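Residues per chain are reported as follows:
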Amino acid sequence: MTESTDTQTVARNTGLTSGEVAERVARGEVNDVPVRSSRSTSEIVKANVFTRFNAIIGVLFLVILVVGPIQDGLFGFVIVANTAIGIFQEMRAKRTLDSLAVIGESKPTVRRDGEAVEIHNSEIVLGDLIELGPGDKALVDGEVVEAEGLEIDESLLTGEADPVLKKAGDPVMSGSFVVAGGGAFTATKVGREAYAAQLAEEASRFTLVDSELRNGISQILKYVTWMMVPTAIGLIISQLVLERNDWREAVRRTVGGIVPMVPEGLVLLTSVAFAIGVIRLGRKQCLVQELPAIEGLARVDVVCLDKTGTLTEGGMDVTGLRLLDGAAEPHVRQALGALGASDPRPNASLQAIVDAYPVSENGDGWRCSRALPFSSARKYSGGTFVEPGGDSGTWLLGAPDVLLPEGHAALADIDELNDQGLRVLLLARTDRELDDPSLGSDVVPQALVVLEQRLRPDAADTLRYFAEQGVQAKVISGDNAVSVGAVAGKLGLPGADHPVDARQLPTDRDEMAEVLENGAVFGRVTPQQKRDMVAALQSRGHNVAMTGDGVNDVLALKDADIGVSMGSGSEATRAVAQIVLLNNSFATLPSVVAEGRRVIGNITRVATLFLTKTVYSVLLALLVVFWQVPYPFLPRHLTLLSTLTIGVPAFFLALAPNKERAKPHFVRRVMRYSAPAGIICAVATFGEYLLARHHYTGDGALDAETSNATLTLFLISLWVLAIVARPYTLWRICLVLAMAGGFLIVLVTPWLQDFFALKLVGTEGPWVGVGVALAAGLVLELVWRTLRVHDTD
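Fair warning: this is a prediction, and the values are worked out from it, not measured in the lab. (Residues numbered from 1 in each chain as written. Predicted model: local features only at pLDDT ≥ 70, side-chain atom pairs only at ≥ 80, totals over all residues. Heavy atoms only, no water.)

A. A look at the pattern of salt bridges. Taken as a whole and assessed by the stated rule, the structure comprises 20 salt bridges. Between Arg540 and Glu517 there is a salt bridge whose closest N-O contact spans 4.0 Å. Within this pair, whereas Arg540 is found in the loop between helix H19 (527–539) and strand S19 (544–548), its partner Glu517 is found in helix H18 (residues 509–518), the two being separated by 23 residues in sequence. Accessibility expressed as a relative area gives 34% for Arg540, which makes it partly exposed. Of the residues examined, Glu517 reaches a relative accessible area of 25% and is grouped as partly exposed. With a shortest N-O distance of 2.5 Å, Arg726 and Glu781 are connected by a salt bridge. (Salt bridge = Lys/Arg side-chain N within 4 Å of Asp/Glu carboxyl O. Helix = DSSP H or I, 4+ residues; strand = E, 2+ residues; numbered from the N terminus. Buried < 20%, exposed > 50% of the residue type's maximum accessible area, 1.4 Å probe, protein only.)

Structure, rendered in structure tokens:
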């Protein structure tokens, strides 16, 4: 019985054989949950084709095909082109996201044929033995086989923030992650049977939700629909009554009144702008896991930075060893080497010690009987060793201000080293057992290990960028506050000379928020405190971004408005972050901020153009109904105007550079400008139309009146475009002039005159239209400047 049990244990600890893996693959017992970083092709096509407004435009296009002529149905071809562009751009974004997701995907380590190998998530099979270390995420359900101080955080699944200590035989749920220790577990459920399979799929999905920009546009479109339905009904009735002898003309002019009410290109350009943003950031090795994150980071006014891995590079170097209380250097060096060798997954600090004091220097005889991995909560690691002479002892390595009692003589030296931006670890010995709750309270100091962190060469420029953009940077670290302040000071962070020890922070949210408002550097911050600090800042109305790469950053990343993870960070941080910097460069963040500002600023511009058209279209239709006159435009006229004053320029403006600060209240801001602009366009155009009706008589009068009204509306709309395009650059000026030139070509080219039914008759009528447009333009300027002065958002 004993022999059988031993054999089974060996088999479990060495993992599956290649033959066993092949059998399970043949049976379909694989982790076949698809990793989706974006919407599927069919979803993209459906989202761009089957929209409410495409349905409206499609029906109207079919109506025009029946009554003719085809030039009045040009708006239908424009919709097809716009939809095709939207699909093409989103497909480009999909390919970018998919490729980046593969790059950023972590590879679990499994044991097969007795060897540890890295494989893709989808290659895990039922019964695989999967190794775990700090920061690793459990990708499938399983049962713990090996555990060395294994602590797992299941908060992503249960909401319980406290980590759970796991022992052999305990269950492991997919979606949980390791915060301390290490071990291995056997996969008992894989694929869609795993507890968190759906959660994992959703976490990596390309989403278009929780965006003020998109929600605002949806709200606007809802209001437009409400206005459009009764207005369209009134317009249909009035035109049929007026043109009872020519129902085809009545239908054409009715369609001409309804089509421009639909701001169909606004949704398209928003999607295109986001998609282009994803592609641009993808080229800089920045994975945007949720599109609104681009917008969200542009609205952020506080960035919380973790020092390690963000301001400093991951690697460290041992620069000094200071002995304490008469400790012998050879013995200390051996102890440090033994501690380094006891942890199969050393962090950056311990790796520097491993490099400085390799195991070969220990000599024979140092045997680790038990190890305690580093935990950010307790701030130290340790191990129990049988030393060469046969003595057994417990050694600890961690934060001096945690392990040493207050007033210890070594603390003064530590403060001096921290002031220089150096990191100091204490090596100490204790007679207590590793599982003693008071392990770190009674130690014998042996030596101070002095470490130096390498600053990222681009960190100073990045901090300077945020300062120039009015974004506060808060350095929040688990390291000594003075040491963190020294590092931040080298990078030129304002307020770095007054670091705050987080152990002295008040627990009351309002009081904590007050300290956070005034401080810039915070040290000795626990994982729970990071979370509380984010909440405190948010309570003061701040939009908070949190960056990090370690497991201790996960809770804060989850709660922040925007979570940013380093590509080399733990699987847990990458899972909860909206943005992953695959190149591990903090300097990429300004690009994300700039991209978000470009999207927000440009969509605000083009939304103003689209909604100005919607407002004047609705108002013109109402004026026509009340005055009981023929609608002044045919569909072809408004297609021409929309193309030259909205469609083409909006496409260029939506993708143009823009460094404006992101401002809140998108709907209010857009309607503040588009509503008065639309009213001015409608009143001036309808006034000119009525003047033309008095001026022209006889056959062809309606065509002349329509041409005059079209000229007037084009000039006023072009003025709106000229205002929206500011501040002027050479290409913006050329854009406006090119649109004016396009309309002029139509006016002077005979076959285009016939095609668009646009021919100016006489000189008095057209010049009156120009005069009306000029007066309306001056009113637009006055209103626009007044609104700009009172714009306090």
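Now that the structure has been shown, we can carry on.
B. Expanded view of H19. Taking 1.5 Å of rise per residue, the 13 residues of H19 would be expected to cover 18 Å, and the 19 Å separating its terminal C-alpha atoms lies within 8% of that figure. For H19, the full list of buried residues reads Pro527, Gln529, Lys530, Met533, Val534, Ala535, Ala536 and Leu537. Lining the buried residues of H19 we find strand S9 (302–305), strand S16 (472–476), H18, strand S18 (521–523), S19 and helix H20 (554–559). Positive phi appears at Gly541, one or two residues downstream of H19, with a value of about 85°. (Expected span 1.5 Å × (residues − 1). Contact = heavy atoms within 4.5 Å.)

C. Here's a closer look at the packing of helix H24 (residues 666–695) against helix H25 (residues 701–724). At a closest axis distance of 9 Å, the pairing of H24 and H25 adopts a crossing angle of 155°. Considered as vectors, H24 and H25 are oriented roughly antiparallel to each other. As H24 packs across H25, the resulting crossing turns out to be right-handed. On the side of H24, the interface is formed by Ala677, Cys681, Ala684, Thr685, Glu688, Tyr689, Ala692 and Arg693, while H25 contributes Leu702, Glu705, Asn708, Ala709, Thr712, Leu713, Ile716 and Val720. In terms of residue class, the contact of H24 with H25 is built from 10 nonpolar, 3 polar and 3 charged. (Axes fitted to C-alpha atoms, helices over the stretch in contact; angles between N-to-C directions. Parallel < 35°, antiparallel > 145°, perpendicular 65-115°, else oblique. Left-handed = near helix turned anticlockwise from the far one by under 90°. Nonpolar A, V, L, I, M, F, W, Y, C, P; charged D, E, K, R; others polar.)

D. Here's a closer look at unusual backbone geometry. A cis geometry characterises the amide bond from Arg726 onward to Pro727, with omega recorded as 0°. Structurally, Pro727 is set in the loop between H25 and helix H26 (730–748). Even without being glycine, Ala757 reaches a positive phi, approximately 50°. In this fold, Ala757 is placed in the loop between helix H27 (750–756) and helix H28 (764–789).

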